[in-house]
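Understanding the architecture of this molecule
These are the residues of each chain, in order.
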Amino acid sequence: MILGLDVGGTHTDAVIIDENGIVAETKTLTGDDLLETLRLSIKDTVSDIDTNLIQRLVFSTTMATNAIVQDRLEETGMIVSAGPGMDPDWFSVGPSFHVVEGCLDHQGLEAMPLNKNTVLRASDIIRNKGINVIGVAGKFSVRNPEHEKQIADWIGNSFNHIALGHHMSGALNFPRRIATTYLNAALFSIHRKFSESLISILDEQGLNAPRYLLKPDGGTAGLGLIRSFPAQTAQSGPAASVMGALALDGCHGTTLVLDVGGTTTDISAVLDGVPLLDPTGIKLGPYLTLVRSLNTYSIAIGGDSEVKIENNDLKIGPLRKGMPVAFGGTAPTPTDAMITLGILDAGNRDYAVKSMERLGGPAGWDGVKTAENIMDRMSGIIADAAKTFINDINSRPVYTIHEVIEDQKIEPSSVVVIGGPAPQIAPFIGKALGLPHRVPPSFGVVNAVGAAVARVTSEIILQADTERGTVMIPEAGIHEKIDQNFDMDSAIDMGRKALKTSAAEIGAGTDAIEISITEKQVFNMIRGYSRTGRNIRLKMCITPGIIPEWKRKA
Amino acid sequence: MEKKGVNIMKAERRTGLVFFPAFDWAISPTHPEREERLLYTQDQVLEEGLLDIDGIVEYKIRPADFDDIRRIHFCVPDEGAVTTESHMISAGGCLVAADAVLSGEVDSAFALVRPPGHHAMRVVHGNRGFCNINIEAIMIEYLREKYGIRRIAIVDTDCHHGDGTQDIYWHDPDTLYISIHQDGRTLYPGSGFPNEAGGPNALGATVNIPLPPQTGEKGFLYVMNELVMPLLNKFQPEIVINSAGQDNHFNDPITDMNFSARGYATLNAILKPDIAVLEGGYAVENALPYVNVGIIMAMAGIDTSTVKEPNYDRDYKPQPSYITQEIEKLVDEMKHMFLEDKISKPEYSQGQIIERIKDIYYDTDGIRERQRESIRYCKDCAGALSIESASSLGQHIFGVRIPYGACTACMETALSWFENASHGSFNNIYLQDRVKGTYERK
């Protein structure tokens, strides 16, 4: 059996699943104290379960997100080396941000040596402010990590934790590298404390199976193993929903996944069983980062959104004014519309109908007409947003003639709707999009199921330059010498090993790991009408997917 | 999607970027116009985080089609024979940039595309100077066709004289072509002198500014401020285009100029082009990454004072004072010619047909071409134009052009040329009717 848990804004959902499906499911109100919420939810969920039979525990929590958006990050010093280009001070983060002398160029060659004095001065200032964690990020450190390592070496052991930029991701983007390094450093202690508390709660409940956290890319990582990269566990909620839709529906063909909640609707897409990833990285609070995530798009509309009439026109959301009228609230909502239409049996129907009549009266609509108009408008807004989402994906630039000629576009063949009001809203959305719609069983706890069954994911980015004679895989800490014979096959071999190792480090099992190559390019390096080397670019990943145990059952 | 965050800059001017490195195309396996050319530029642009800037919008490219080419070129034997998909896409990138600006989505746009186009002339038998079709000219005729724009200025800052663009706009008084380049006595293609000032109907609308080898930041910016900007001010174009070649750079291996990334950025900030189009520049590691970052930042209105090549302090040499004097003298003479309208002008009578013979060499493809060009001298329009062209490949064609805004007399003249041309002497006979917007072959 597996325990899956997803902390949402309103409810924390948890399930126990086994080969026959869902064994137990609970909904707990999410309180201000996250650990207390987790404790209550876990306790409630396993109350009738033999905990010895639980072999895996997966949590999608809001720990990191909350710390970021509530500004509860630990004070963190930053040491940055940049050189010419965009002024690094534009990307200043944290209370003690220092730019030191020294820089690399885009090949990773040293353009200016590091100035030890400026590094030591910066670290002294940071230490003297009583700051205990530090982040180090260099421009082009993913082409050559030596400057960052040298800075860490000079700083020595006087900080509790040092986060190095090139470990965050092999992707190029210095401003995002700075922010990602900063967040991982600033969340380090908070995450450690959270992990310890969560572990003691689990111990209390006799839950000793391997423990994982869900990441926004729809993959998991071992609770104790992700310690240096806590930002990778932020904002995992939308990924939980997508993975749940994938587990419960299968998402064959090109599937739009719509998670309609109380106040927001998340839109995402799954292509033949593989969720679509964001090409750059997630935004956490106010920071653009290099943290890998699924491509999701949120709009502020849901079952509990306030409905108003402004200028003879229906307006739904973006705010929520308490409960739906049927549950004693004051502002009419789409939920009241569903109750009025008789497609949802909940709360006080009279209240709901009256709220519709009051709302639509001035426009000359009766209660049912008002409710129909609300459902049409809401599904229209969601359908338009989904179209925009797909259009944005199809408008992404491509960089080869092959891709321009092929002009591949995704075109959804069906829509899966999940979340509280899924069965009621799905037919309307399907109609608005002109697509067949499906609502998976257990649509209300899809997210918890998604967390439970998600496999470990990982990614590596390799760059090799045989003219310079170096290969680098920043995520795996690889920076080695190579000879002129190093080619794409050598790169794929090396990448595969590195990916397996890095996946194992965050808790991947020994099962056959499915590896995908997502980018693969070799360039002849031409200098003065002759070939002097090869420049190899390779990106490999374990794509988000479902653990084999669940797949076998499905 | 959303591009706002504490680590995100906001652009002062909304800037469109059409980036197309054609990572799977080269002229030949070891040719400088190669797959790798924009690889390091992409690395630098990504690492600087330019695509995250709020206000910088990256556009997806689309190929141009043959109709876009037919507004400008006489392709021999036809469009398909002298282009590949890469040329159509590169030209299409310029059209995407034009649409982005003209639709008002962005204030300006940069087509960072390859292969280049400014050596491609009106008649195309093959590849010259790495160019097959003239991507700026294709864009300009598209701007006219789709948006009704008439007055356009091109400022070509490639180190090589843009002889193709000059050829195409030689007779067009509505297109001001200004080329700033290394003196043709010292560099390919060997043309581009101040006395090349445009055809009889468009005298003064072609301006060549040949600069001596070793011209540095100071010289280029002096020319911009003292000559180019006053010329633009006088011409009053609706759209300004920068043919942004990047081989004036001090790290460029095949030219002798002494310009820098910051210099290019400053030039761009002075010029404020509506659309910039990449042309040449083959210092793929040491110049292009920095020049392109500088141009993008300048277009977006971001401070470029921190943009610098890693070897700038070591290798950049300020312009010698004798070069400064030489440039000041040239600018004085050219001001006199072009700003005070003192270009010597032969006397022609209305309706007179003026002929010239041109020999053209296609260095990349080794083709020789001889042209006989006839233009009708006209005070009312750009004049009826015909070109008879024979190539060393045995092609012999006749092309007739009715210019945008042609007068009735020029239209009639051009039509009679087309009608009277016979297949006995030519493989192909073309008619570009820019008034009707039609293209015929017989």
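In short, a report on the structure. (Residues numbered from 1 in each chain as written. Chains lettered and ligands numbered in written order. Predicted model: local features only at pLDDT ≥ 70, side-chain atom pairs only at ≥ 80, totals over all residues.)

**Regarding the overall build of chain A**
A count of helices and strands for chain A gives 15 helices and 27 strands. Taking 24 Å as the expected radius of gyration for a compact globule of 554 residues, we find that chain A reaches 25 Å, a close match to that expectation. Based on the C-alpha atoms only, the size of chain A along its principal axes is roughly 75 × 60 × 50 Å. Here chain A holds 554 residues, and the buried ones make up 54% of them. (Helix = DSSP H or I, 4+ residues; strand = E, 2+ residues; numbered from the N terminus. Rg over C-alpha atoms; globule rule 2.2 N^0.38 Å. Buried ≥ 20, exposed ≤ 12 C-beta atoms within 10 Å, placed from the backbone.)

**A few points about the overall build of chain B**
When helices and strands are tallied, chain B shows 12 helices and 16 strands. Structurally, chain B occupies a C-alpha span of about 65 × 45 × 40 Å along its principal axes. Residues classed as buried in chain B amount to 58% of the 442 residues present. Relative to all contacts within chain B whose residues are 6 or more apart in sequence, the contacts with residues 24 or more apart total 74%. (Contact = placed C-beta atoms within 7 Å.)

**Structural notes on the nonpolar core**
Core analysis: the largest hydrophobic core is formed by 305 residues, its most contacted members being Val 417 and Ile 429 of chain A together with Val 18, Ala 97, Ala 111, Ile 138 and Ile 178 of chain B. Every residue in contact with Val 18 of chain B, bar those within four places of it in the chain, is listed here: Tyr 59, Ile 61, Gly 93, Val 96, Ala 97, Ala 109, Ala 111, Leu 112 and Val 113 of chain B. (Core = buried A, V, L, I, M, F, W, Y, C linked by C-beta atoms within 7 Å.)

**Side note on the sheet that holds strand β27 (residues 531–542) of chain A**
Residues and elements named next belong to chain A. The five strands lie next to each other as β25-β24-β23-β27-β26, forming an open sheet whose pairing is antiparallel. Whereas interior strands pair on both sides, the edge strands pair on one side only; in this sheet they are β25 (478–481) and β26 (516–526). The average undirected angle you get between the axes of adjacent strands in this sheet is 10°. (Pairing = 2+ DSSP bridges. Axes fitted to C-alpha atoms, helices over the stretch in contact; angles between N-to-C directions.)

**Focus on the interface of chain B and chain A**
With 43 residues of chain B at the interface, the matching set in chain A holds 46 residues. Taken together, the residues that form the side of chain B that touches chain A break down as 23 nonpolar, seven polar and 13 charged. (Nonpolar A, V, L, I, M, F, W, Y, C, P; charged D, E, K, R; others polar.)

**Quick word on the sheet that holds strand β7 (residues 175–182) of chain B**
Residue and element names in this part refer to chain B. Spatial ordering of the open sheet is given by β2-β1-β4-β10-β9-β6-β7-β8, a layout of eight strands whose pairing is parallel. Two strands bound the open sheet, and with one partner strand each, they are β2 (54–58) and β8 (206–211). Taking each pair of neighbouring strands and ignoring which way they run, the sheet shows an average axis angle of 15°. Here five bridges tie strand β6 (residues 152–156) to strand β9 (residues 239–244), and the two strands are oriented parallel to one another.

**Focus: the packing of helix α4 (residues 85–102) of chain B against helix α5 (residues 135–147) of chain B**
All names here are of chain B. Interhelical geometry of α4 versus α5 gives an angle of 40° and a closest axis separation of 9 Å. The orientation of α4 relative to α5 falls into the category oblique. Relative to α5, the crossing made by α4 is right-handed. In this structure, α4 uses Ser 90, Ala 91, Cys 94, Leu 95, Ala 98 and Leu 102 to contact α5, whose residues at the interface are Ile 135, Glu 136, Ile 138, Met 139, Tyr 142, Leu 143 and Tyr 147. Classifying every residue of the contact of α4 with α5 by side-chain character gives 11 nonpolar, one polar and one charged. (Parallel < 35°, antiparallel > 145°, perpendicular 65-115°, else oblique. Left-handed = near helix turned anticlockwise from the far one by under 90°.)

**Details of the pairing of strand β4 (residues 108–113) of chain B**
Residue and element names in this part refer to chain B. The element β4 is largely enclosed, with a buried count of six among its six residues. The side-chain alternation of β4 yields two buried faces, one formed by Ser 108, Phe 110 and Leu 112 and the other by Ala 109, Ala 111 and Val 113. Across six bridges, the pairing between strand β1 (residues 10–20) and β4 is parallel. Among the inter-strand pairings, Gly 16 is bridged to a residue of β4, identified as Ala 109.

**Considering helix α6 (residues 188–204) of chain A**
All names here are of chain A. Spanning 17 residues, α6 covers 24 Å between terminal C-alpha atoms, matching the ideal 24 Å at 1.5 Å per step. Every buried residue of α6 is accounted for by Phe 188, His 191, Phe 194, Leu 198 and Leu 202. Projected down its long axis, α6 shows its buried positions confined to an angular sector of 125°, all on one face. Away from its buried face by more than 90 degrees, α6 exposes Lys 193, Glu 196, Ser 200, Asp 203 and Glu 204. Positive backbone phi, at 70°, marks Gly 206, one or two positions downstream of α6. (Expected span 1.5 Å × (residues − 1). Arc of directions from axis to C-beta.)

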